[in-house]
Amino acid sequence: MSLLSNHDHDHEMAVPASGEARTGRRYWRSLDELSDTPQFREFLEREFPSHASEMISPFTRRAFLNLMGASVALAGALTGCRRPEQRILPYARRPEDLVPGVPQRYATSVERGGNAIGILATCFEGRPVKLEGHPQHPVSQGALDMIGQALVLELYDPDRSIRPLEKGLPVAPVAEVIKRQAAALAARLRAADGEGVAFLSGLATSPLLASQRGRLLERFPRASWHVWEPLNEDHVYAGTSSVLGRPLRPAVDFSRADLVLALDADFLGRGVGALADTRAFSARRRTEDSQSLNRLYAVEGAMTLTGMMADHRLRLAPSQVEAFTLALAAELASEHGLWAGQAPAGVLAIHRAHRFDARWIAALARDLMAHRGRCAIMVGQGQPASLHALAAALNVELAGPCVQYRPPVDASHVGAGDSLAALVESMRAGRVRELVILGGNPVFDAPADLDFSGALAGIEASFHLGLEVNETALACDFHLPEAHPLESWGDTRAADGTIALQQPLIEPLYGGTTAAELISMVIDDTPRSGYELLRAHYRGAREEAAFEPDWAEWLREGIIPESAFEPEAVQVDPAAVAAAITGVSSPAPPSRTKLELVFLPSKIHDGRHANNGWLQEVPDPVTKLAWDNAALVSPETARALGLDNERVVRLSAGEVMVELPVWIQPGMADWVVAAPLGYGRREVGRIGNQVGTDLYPLRRSDTPLFRSGVALSVGRDSRPLACTQDHWSMEDRDLVREASAEDYQKDPHLFEHMGGHIPEHGPLWQPPLDYAERPQWGMAIDLSTCTGCQACVVACQAENNIPIVGSEQVRNGREMHWLRVDRYYVGEPESPQAVVQPMPCQHCETAPCEQVCPVAATTHSPDGMNEMTYNRCIGTRYCANNCPFKVRRFNFFDYTSEASDIEKMRHRPDVTVRMRGVMEKCSFCIQRISRAGIAARKQGRPIAEGEMVTACQQGCPADAIVFGDLLDPESRVRQLKQWPRHYGLLASRNLRPRVTYLGRLRNPNPELVS
């Protein structure tokens, strides 16, 4: 079967015959599928241009160096050791626990935006090359999101800060400059007990840093300490504080929650907390593992991963969500007797169906009451404090044990926005003459109405400690290099209070320091290293002999046991709820002349990871855009304003105006524009500079994640966007399966009736007899639990030395990811449902690619895998043309030969680094299989269940990917392939893929099923 035989016209239509036959529902990938278009011909011209074989690569050495994210650094700077020695010498005697070529794993932790993640790092000879989630950490639970996976790339980033700057000019040597600046700062602090000196940090969970901050303010009482985080939880803590009496963080126990209502809360999408929430939520989406599926309602303005997983989704502008919740509360109080006639004043004053779908609110209220004690209400951090207060009151009445409340991990988490505003006011009033910024980039990401840059320019002296020379570093008088978290000693505290230690995996490459070490230089007569500070902090007054066993155990496990907070008992004061919602009204909905702009957290978080090539190139899980951000609008808004994809528009509010291209996104609320934050960086490095558009100038401190009254005007220009949604399409194929839980309970073999089930004559778990003595590898992917978060894609890239190719090549359809996540819609474009499907190489038993390779570069292994021999491949691409799943990648250009020695250090030594002109694809992480097989043979046993885990499986927060031996009757993958939901892609064509799927189940409310 050739590629060309399936692309005549209607190029994007993907309609599973089974689904259409049963329900008449048509699955589609993009809006272009709804009408015939000539776009595929354009794709062919772009992908297969005339005389392609004679084309000369446009990638010169200079272009290559500008593209690769960590390809150039100071040769010889990398030396591997995780012990706290001051100097590293060649081995005279090699450590007993270090064997060349054998990886070691160490436990550590990192934090992002005031949230902690536990990590297990794989190191080769002291070089960290791969990060995984710590299985015992309450947040990561063995998984890691795509940002966490990509942190190792930033360790070797050549654009990191490598030397101090004074007035923007480099000074050296690093260690002496840091000590000299710290000593001068300490002298000025002592002169007036710290008067006129302020410190600004991000939200830090570190108990050590909190202790250092307390000691500094105790020694210099007239100094001040402020915090700022662009994506903070100020409104959460302000809301719970107003009705519960103290700032608390809500946490949902998804194992008990049969119903979840997400009010503008993307708890499955962005943020560190999504790791644990995804794992717990997904566990309730398998009927085979639990008695019933949970049900998810989502009310949101922009399509999110949570909205894509929802059983019911209501499009609503973010400014309308609070009024909607009040209307829901009024329905619960008046029609269902919530609060037993003692509803907080003001609730019943809201008309229960004002501007909202009365049928939707009535059905939701009945469902909440039916699940009282087994439901939970979640509110997005960008919603006002009054809504968080109302949600807390509703949870106390409805959720029962499903929602628990814990204190913030650090008191500085409360009021970060107010803290920055107070700092700016003090700077303008002259009360702050010197400012020390410990990490972060407030010049770039502070709210525009505060004008932090202007205030910073007016003070006498400013210092910045940071990983990169960013916008804030260049705006300060002095900049000092910071050590990377993988180079540092420290600690973090998870959301539930669990303390995890942070230990260096490598000696600091560029001699940077940490915030705790810098403060020690200021407040201690004899400055101490990070190791000494951390050990002293946890030793306290204990004797050395008594402390040492605990210390060794904590470092080995990475976690301090029994350090979590206990949930707190809460009570709600109705008068406080009434006070919190007093004055709340239903604002006018957005309109054609006054649109609402939603600021979305992005795959580069708030912009701090903009120079990370892996994150820039991985497609956005919802829009499938790479290397850019765009103004997302609904199809109806686009039609009304005459917009089409890639047209540049101007968004303006007051005197501020920004320009960015349009992308039409199904599921958006009408007259709402959404755009990811963090793009448009001006000083970040060769990867992230000038990529996308900066939205921070439109952001205000009172409503940090949305802004009303924005005007949109259409420009004449267009900006090309790299979108992968139109790539590798498999139209008219049997792809996705979905059904309701009710239908599945009536007919467990529903998915088999849809077609595509495994033929009776060839079940996957019975390979030929001559294979019976070997493991037979296979994979099962559960579409009911997969959220499409793309963690598996970045995990695969990090594991298999997959290069980035750049925006231009992605637009040409030449991305190199071995694993993609397809996203399909069903329903009307204005409000569709979505389903995602990970697509690795299917490792077919009767693989079409193997039949056409003229040099036998792609062959079948005895253990059932489709293998690639790179040094045999001559690049005919016949295999890619013959692959019906479009999962093979051709290496068009040479991305590795000009890499420096430092860039090569981040490559796994047990994975081949491919050259130009060869075909690449998923290998089931064969290097891991080989390593597990060697260990098993040494011990004279077979590979145990769970011993072999692929990178995508290990990184998946939803536990949707399962890999194992099909011949082992006790293996989990064997059991999954016996479930009735199991099916194989194009199995009716006797391809017999080793990768198969479990159909998607939904649990809709019968009252809302049209």
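A short tour of the structure in this document, coming up. Owing to the predicted nature of the structure, the values given are computational and were not obtained by experimental measurement.

Examining the nonpolar core
- With 107 residues, the main nonpolar core has Leu 131, Trp 614, Met 779, Phe 885, Phe 924 and Tyr 997 as its most contacted residues.
- Residues contacting Phe 924, with those up to four places away along its chain left out, are Trp 777, Met 779, His 843, Met 865, Ile 929, Met 948, Thr 950, Phe 963 and Val 995.
- Grouped together as the second largest cluster of nonpolar side chains are 64 residues, Val 243, Val 252, Leu 296 and Ala 392 included.

Side note on the packing of helix α10 (residues 318–336) against helix α12 (residues 385–398)
- Here α10 crosses α12 at 30 degrees, and the two axes come no closer than 10 Å. In terms of orientation, α10 lies roughly parallel with respect to α12. As for the relative orientation of α10 and α12, their crossing is left-handed in sense. Residues Val 321, Glu 322, Thr 325, Leu 326, Ala 329 and Leu 332 of α10 lie in contact with α12, whose contacting residues are Ser 386, Leu 387, Leu 390, Leu 394 and Leu 398.

Concerning unusual backbone geometry
- In this structure, Glu 125 is a non-glycine residue whose phi angle is positive, near 50 degrees.
- Exposure remark for Glu 125: the relative accessible area of 31% places this residue in the partly exposed category.
- The phi dihedral of Phe 924 falls on the positive side, at around 60 degrees, and the residue is not glycine.
- The topology assignment puts Phe 924 in the loop between β36 (919–920) and α30 (926–938).

Notes on the pattern of salt bridges
- Under the definition given, this model contains 53 salt bridges.
- Here Glu 300 and Arg 313 are joined by a salt bridge, their closest N and O atoms 2.7 Å apart. Placement of the pair is Glu 300 in strand β11 (residues 295–300) and Arg 313 in strand β12 (residues 312–315), with a sequence separation of 13 residues. Both residues of the pair, Glu 300 and Arg 313, belong to the buried class.
- Taking the shortest distance from any N to any O, the salt bridge between Arg 972 and Asp 959 comes out at 3.1 Å. Of this pair, Arg 972 sits in helix α32 (residues 972–976) while Asp 959 is found in the loop between α31 (951–955) and β37 (961–965), placing the two residues 13 residues apart along the sequence.
- For Arg 972, a relative accessible area of 28% puts it in the partly exposed group.
- Salt bridges sharing common partners tie together Lys 130, Glu 132, Glu 799, Arg 908, Asp 910, Arg 928 and Arg 931.

What about the packing of aromatic side chains?
- This model, assessed by the stated rule, comprises 18 aromatic pairs.
- Judged by centre distance (5.7 Å) and plane angle (75 degrees), the rings of Phe 267 and Phe 281 are edge-to-face. Placement of Phe 267 in the loop between β10 (259–263) and α8 (274–282) and of Phe 281 in helix α8 is noted, with a sequence separation of 14 residues between them. Of the two residues, Phe 267 and Phe 281, both sit in the buried class.
- Aromatic ring contacts, followed pair by pair, group Trp 489, Tyr 531, Tyr 538, Phe 547, Trp 551 and Trp 554 into a single cluster.
- Directly above the ring of Tyr 983 sits Arg 737, whose terminal nitrogen or CZ lies 4.6 Å from the centroid.
- Above the ring of Tyr 870, the side-chain terminus of Arg 914 is found at 5.9 Å from the ring centroid.

Rules used in this analysis
- Residues numbered from 1 in each chain as written.
- Predicted model: local features only at pLDDT ≥ 70, side-chain atom pairs only at ≥ 80, totals over all residues.
- Heavy atoms only, no water.
- Core = buried A, V, L, I, M, F, W, Y, C linked by side-chain atoms within 4.5 Å.
- Buried < 20%, exposed > 50% of the residue type's maximum accessible area, 1.4 Å probe, protein only.
- Contact = heavy atoms within 4.5 Å.
- Axes fitted to C-alpha atoms, helices over the stretch in contact; angles between N-to-C directions.
- Helix = DSSP H or I, 4+ residues; strand = E, 2+ residues; numbered from the N terminus.
- Parallel < 35°, antiparallel > 145°, perpendicular 65-115°, else oblique.
- Left-handed = near helix turned anticlockwise from the far one by under 90°.
- Salt bridge = Lys/Arg side-chain N within 4 Å of Asp/Glu carboxyl O.
- Phe/Tyr/Trp six-rings, centres within 6.5 Å; stacked < 30°, edge-to-face > 60°.
- Lys NZ or Arg CZ within 6 Å of the ring centre and 35° of its normal.

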